[in-house]
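# Structure at a glance
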Amino acid sequence: MPPAPDPTLFDKVVNLCKRRGFVFPSAEIYGGFRSTYDYGPVGVLLLRNVKEEWWRSMVQLRHDVVGLDAAILSPPAIWEASGHLQNFTDPLVDCRKCRERFRLDKLDDPNECPNCHAKGSFTEARHFNLMFKTYAGPVEGTGAEVYLRPETAQGMFVNFKNVLETSRKRPPFGIAQIGKSFRNEITPGNFVFRTREFEQMEMEYFVPPDEAEKWYEYWCDERLRWYVDLGIREDQLRLRAHDEEELSHYSSATSDVEFLFPWGWDELEGIANRTDYDLRQHAQASGESLDYFDPALGERYVPYVIEPAAGATRTAMAFLMAAYDEEEVAREGQGQGESRTVLRFHHRIAPYKVAVLPLSRKPELQEPANEVLGLLQPHYMCDYDETQAIGRRYRRQDELGTPYCVTIDFDTLDDRAVTVRDRDSMAQDRVQIDALLDHLEPKLS
Ligand code: ATP
């Protein structure tokens, strides 16, 4: 039995994100800007860790995937060939009564306006193209139009030949990319789940056509496992295959990795068999041949593409939701009951790995505290905090999800030992400064 979604979790996480510096509404001093968000001092670390872990598993730990960082601004020719100008649309309906606009396929009841609850008030659905258009150069108008990419994938397809010629990779091989994408979503919302500007982590895996099915299954399994390995419980994840009507214009099969968000199951990532659609389209439109001659088989073919496409910002939100916990604890040091909020991040995802906390701001503690910080910083992202009672500082680090706190106290001056406090068990170990790196390494490696 999967756990029931917890509707109260959403507000708790959104509040914590603001309070602790994970995510701020963009342009907040001007009243905010339309479902756009900025990642604060802690959020930027979380997001970097998500992207770093993806890159590590998709590129660093493999021999068959290389990286790419393609331009965001792109000419209409790319989107004409890819089919996005024609097909990258959502069905838009207007409520005739309250004038609000909605995406028809995301409404619970397609006959009832969720804003004013009028029934049968919607206009006919129109195809609304989600791509942001702008102009390059000083003259606006036809010929100067460019698009902000709505997915990173096309950068990989149009560079297929360049990568094939320079990287010495042969199918099956992949090209991976992390970067911003832009979609003029009709109804952004649910915090950073759906925004108009977001970050994607996509990989195009080029395979011989008759191996496409096998690699599709392989990447579905691999991608699901990635979330589990980084600490999301298996019962909070599922793989859901798209039915025929749901498939994108380029796909012959797609499965979504879904997470149990507070509002129910929703998509984190799509794994699609994009067939040879994109390479054929670009070959035809550009006049460049984008096929591959396999010397072993003596055959020329256009590779099929298996694409795991995840959202970095959406995934960061899922890690936050999955990590959130509240528990009653004895007050550390005094034994009175109190509740604490703790983000139980996997240590690879945690923004800070260690917090260095001198017990007081007295000058004599600063020297050993700086020594400890200098020892740890080359290895781990550390926070440093020297104000407030130590119990409150532990609670703050719990809310940031910091796995270890290192406290420097007055005994440190005599015995050169510090207290290492574990986030989850709250157990405290006394460790010599000289042995601190060896103590932390097996826990954080
Ligand atoms: P949806 O059905 O939610 O609109 P999609 O199926 O169109 O998403 P894809 O084109 O498969 O999404 O994009 C791959 C991934 O990029 C998604 O699984 C999601 O994690 C992320 N993503 C897509 N659109 C957004 C968005 N507007 N905001 C944040 N992340 C997004």
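Whatever comes next refers back to the structure up there.
Calculation criteria
- Residues numbered from 1 in each chain as written.
- Predicted model: local features only at pLDDT ≥ 70, side-chain atom pairs only at ≥ 80, totals over all residues.
- Heavy atoms only, no water.
- Helix = DSSP H or I, 4+ residues; strand = E, 2+ residues; numbered from the N terminus.
- Buried < 20%, exposed > 50% of the residue type's maximum accessible area, 1.4 Å probe, protein only.
- Contact = heavy atoms within 4.5 Å.
- Core = buried A, V, L, I, M, F, W, Y, C linked by side-chain atoms within 4.5 Å.
- Expected span 1.5 Å × (residues − 1).
- Arc of directions from axis to C-beta.
- Near = heavy atom within 4 Å.
- Polar contact = N/O pair within 3.5 Å; in protein donor to acceptor, adjacent residues only side chain to side chain.
- Areas by Shrake-Rupley, 256 points an atom, 1.4 Å probe, with all protein chains shown as cover.
- Nonpolar A, V, L, I, M, F, W, Y, C, P; charged D, E, K, R; others polar.
- Phe/Tyr/Trp six-rings, centres within 6.5 Å; stacked < 30°, edge-to-face > 60°.
- Patch = residues over 30% accessible without salt bridge, like charges linked within 9 Å, V, L, I, M, F, W, Y side chains within 5 Å.
- Salt bridge = Lys/Arg side-chain N within 4 Å of Asp/Glu carboxyl O.
- Pairing = 2+ DSSP bridges.
- Axes fitted to C-alpha atoms, helices over the stretch in contact; angles between N-to-C directions.
- Parallel < 35°, antiparallel > 145°, perpendicular 65-115°, else oblique.
- Left-handed = near helix turned anticlockwise from the far one by under 90°.

## Thoughts on the overall build of the chain
Summing up its helical and strand segments, the chain has 13 helices and 24 strands in all. If you line up the chain on its principal axes, its C-alpha atoms span 75 × 65 × 55 Å. Going through the 445 residues of the chain one by one, you find that 50% of them count as buried. Expressed as a percentage of contacts within the chain between residues at least 6 apart in sequence, the contacts between residues at least 24 apart total 65%.

## Some points on the nonpolar core
Counting residues in hydrophobic clusters, the biggest one holds 57 residues, and the most contacted among them are F22 and F345. Here the element with the most residues in this core is helix α9 (residues 312–323); it accounts for eight residues.

## Describing helix α1 (residues 9–20)
Taking 1.5 Å of rise per residue, the twelve residues of α1 would be expected to cover 16 Å, and the 16 Å separating its terminal C-alpha atoms lies within 8% of that figure. Listed as buried for α1 are L9, F10, V13, L16 and C17. Summarising the axial view, the buried residues of α1 lie within an arc of 135°, below the 170-degree limit, and thus occupy one face. In this structure, the buried residues of α1 make contact with β1 (23–25), α9, β18 (324–330), β19 (337–343) and α11 (390–400). Positive backbone phi, approximately 85°, marks G21, located one or two places after α1.

## Quick word on the site of the ligand
The environment of the ligand is formed by 17 residues, the closest being E185, R194, T195, E267 and L268. One nitrogen or oxygen atom from the side chain of R103 is found 3.5 Å from an oxygen atom belonging to the ligand. With respect to the ligand, the backbone of E269 contributes an N or O atom lying 3.5 Å from an oxygen atom. In isolation the ligand has 590 Å² of accessible area, and contact with the protein removes 87% of it. Secondary-structure elements contributing two or more residues to the shell around the ligand are β11 (197–207), β14 (264–275) and β17 (304–311). Looking at the shell around the ligand element by element, the count peaks at four residues for β14. Residue composition of the shell around the ligand, grouped by class: five nonpolar, four polar and eight charged.

## Things to note about unusual backbone geometry
A cis amide bond links P171 to the next residue, P172, at an omega of 0°. Its place among the elements puts P172 in the loop between α6 (160–167) and β10 (173–182). Of note, A27 is a non-glycine position whose phi angle comes to about 50°, a positive value. The phi torsion at R416 lies on the positive side, around 50°, for a residue other than glycine. Residue position: R416 is located in the loop between α12 (412–415) and β23 (417–422). With a relative accessible area of 32%, R416 lands in the partly exposed category.

## Observations regarding the side chain of R194
Its place among the elements puts R194 in the loop between β10 and β11. Judged by its relative accessible area of 13%, R194 falls in the buried class. Excluding residues that lie within four positions of it along the chain, R194 makes contacts with R103, K106, E185, T187, P188, G189 and R314.

## Things to note about the packing of aromatic side chains
By the definition in use, this model includes 18 aromatic pairs. Where F102 meets F122, the ring centres are 6.0 Å apart and the plane angle is 65°; that geometry is what we call edge-to-face. On the criterion of sequence distance, the pair formed by F102 in strand β6 (residues 101–103) and F122 in the loop between β6 and β7 (126–129) is long-range, its members being 20 residues apart. Overall, F122 belongs to the buried group, its relative accessible area being 11%. Between F193 and F261, the aromatic rings sit 5.1 Å apart at their centres with planes inclined by 80°, giving edge-to-face as the arrangement.

## Regarding a nonpolar patch on the surface
A contiguous nonpolar surface patch, about 230 Å² in accessible area, is contributed by L359, F410 and L413. Residue placement: F410 occurs in the loop between β22 (404–408) and α12.

## Quick look at the sheet that holds β6
Taken together, the three strands give an open sheet; going across it, the order is β6-β5-β7, and neighbouring strands pair in antiparallel fashion. Each having just a single partner strand, β6 and β7 make up the two edges of the open sheet. Each adjacent strand pair in this sheet contributes to an overall mean axis angle of 45°, direction not counted. Pairing of strand β5 (residues 89–94) with β7 involves four bridges; the strand directions are antiparallel. Each residue of the ladder has a partner; that of T89, found in β7, is N129.

## A word on the packing of helix α10 (residues 363–376) against helix α13 (residues 436–444)
Axis separation between α10 and α13 bottoms out at 11 Å; the angle between their running directions is 45°. By the angle between their directions, the pair α10 and α13 is classed as oblique. For α10 against α13, the interelement crossing comes out right-handed. Residue-level inspection shows V372, L375 and L376 of α10 in contact with α13, the latter providing L436, L437 and L440. Residues belonging to the contact of α10 with α13 are distributed by class as follows: six nonpolar, no polar and no charged.

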